[in-house]
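Coordinate analysis (summary)
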Amino acid sequence: MLTVDFDRLAIGPGAKVIDVGCGAGRHAFEAYRRGADVIAFDRDEAELQSVDAILQAMAENGEVPAGAAAKTVVGDALSLPYGDETFDCVIASEILEHITQDDAAIAELIRVLKCAGTLVVTVPRWLPEQVCWLLSDEYHANPGGHIRIYRASELRDKIARSGLHLAHAHHAHALHSPFWWLKCAVGVENSDHPAVSAYHKLLVWDLMRRPRLTRITESVLNPVVGKSVAMYFTKPPAAAVAATQGYSVASL
């Protein structure tokens, strides 16, 4: 299940992509499938072992173009072990809401992005997330859980202040919002509840079959109750960034 719309990204053979906080690897897999040179980056070493196994299986099964490369790297989003302007595309999907020092993390995402490159950030949307927090402390008050709820305008402005330009934004996963509201209402860990189990089966069926009815329904509902908001930023040349931040190039 992709939150990022890859058709909006110029990702193909030779493109350098990092998926920061890749989790189970869904976006790293898609970038690799499109022929990019991919870094799946996360602090969870155990999770990355599973991601690495799938990346290797994709290569062995001929699911990626010749010349594509992918590897997993364990590390901290606050200190990415790469030089300035290394990647054509930086993806940070559903991670900033977990990070206390989100400004520092954003600065790192921008630092490693090439000029004219694309930064894609997704976070839980304000309204569906507010409902989840109201229904359940268990949903967010746990180690590694969500520590903040963003308004899209707030996050947009945080990133734009660094000189990046918002190129596009959209919402995603409207069908998942009621699922999480239901889980929060009956207990986040109560996956065996009949209503939760039935809804989960519906989501799996939708993911596997992609029927036209649910695709249309979700596209209509996304602007209203989409679970996530995705924003796509472009990085202008250094001189333009400096001007936006109020500095002269000579002072940098």
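Under an unreviewed UniProt entry, the protein has the name SAM-dependent methyltransferase and belongs to Mycobacterium simiae.

Apart from glycine, the bulk of residues carry a negative phi angle, and the bulk of peptide bonds sit in the trans form. You will see that histidine 173, though not glycine, has its phi angle at about 70°, which is positive. By relative accessible area, which is 8% here, histidine 173 ends up buried. A positive phi angle, close to 50°, is found at arginine 210, a residue other than glycine. Its location among the elements puts arginine 210 in the loop between α7 (194-209) and α8 (212-225). Note on arginine 210: relative accessible area 46%, which makes it partly exposed.

The next point concerns the packing of aromatic side chains. One pass over the full model with this rule turns up five aromatic pairs. Ring geometry for tyrosine 82 versus phenylalanine 87: centroids 5.1 Å apart, planes at 80°, classification edge-to-face. The exposure class assigned to phenylalanine 87 is buried, which follows from its relative accessible area of 4%. Ring centres 5.9 Å apart and planes at 80° place the aromatic pair phenylalanine 179 and tryptophan 180 in the edge-to-face group. Under the relative-accessibility criterion, tryptophan 180 is labelled partly exposed at 27%. A cation over an aromatic ring shows up here: arginine 151 above the ring of tryptophan 126, its NZ or CZ 4.0 Å from the ring centre. The residue whose ring lies beneath lysine 183 is tryptophan 180, and the NZ or CZ to ring-centre distance is 5.5 Å.

What follows concerns a nonpolar patch on the surface. Judged by side-chain polarity, Met1, Val204, Leu207 and Met208 come together as a nonpolar surface patch covering roughly 390 Å² of accessible area. With respect to the secondary-structure elements, methionine 1 resides in the segment before β1 (16-20).

Okay, the confidence of the model for the protein next. Scored by pLDDT, the protein has a mean of 93; 94% of the residues are at 70 or more. Across residues 246-252, where pLDDT falls below 50, the model places five contacts with residues more than four positions away in sequence or in other chains.

Rules used in this analysis
Residues numbered from 1 in each chain as written. Predicted model: local features only at pLDDT ≥ 70, side-chain atom pairs only at ≥ 80, totals over all residues. Heavy atoms only, no water. Buried < 20%, exposed > 50% of the residue type's maximum accessible area, 1.4 Å probe, protein only. Helix = DSSP H or I, 4+ residues; strand = E, 2+ residues; numbered from the N terminus. Phe/Tyr/Trp six-rings, centres within 6.5 Å; stacked < 30°, edge-to-face > 60°. Lys NZ or Arg CZ within 6 Å of the ring centre and 35° of its normal. Patch = residues over 30% accessible without salt bridge, like charges linked within 9 Å, V, L, I, M, F, W, Y side chains within 5 Å. Areas by Shrake-Rupley, 256 points an atom, 1.4 Å probe, with all protein chains shown as cover. Salt bridge = Lys/Arg side-chain N within 4 Å of Asp/Glu carboxyl O. pLDDT = per-residue confidence, 0-100. Contact = heavy atoms within 4.5 Å.

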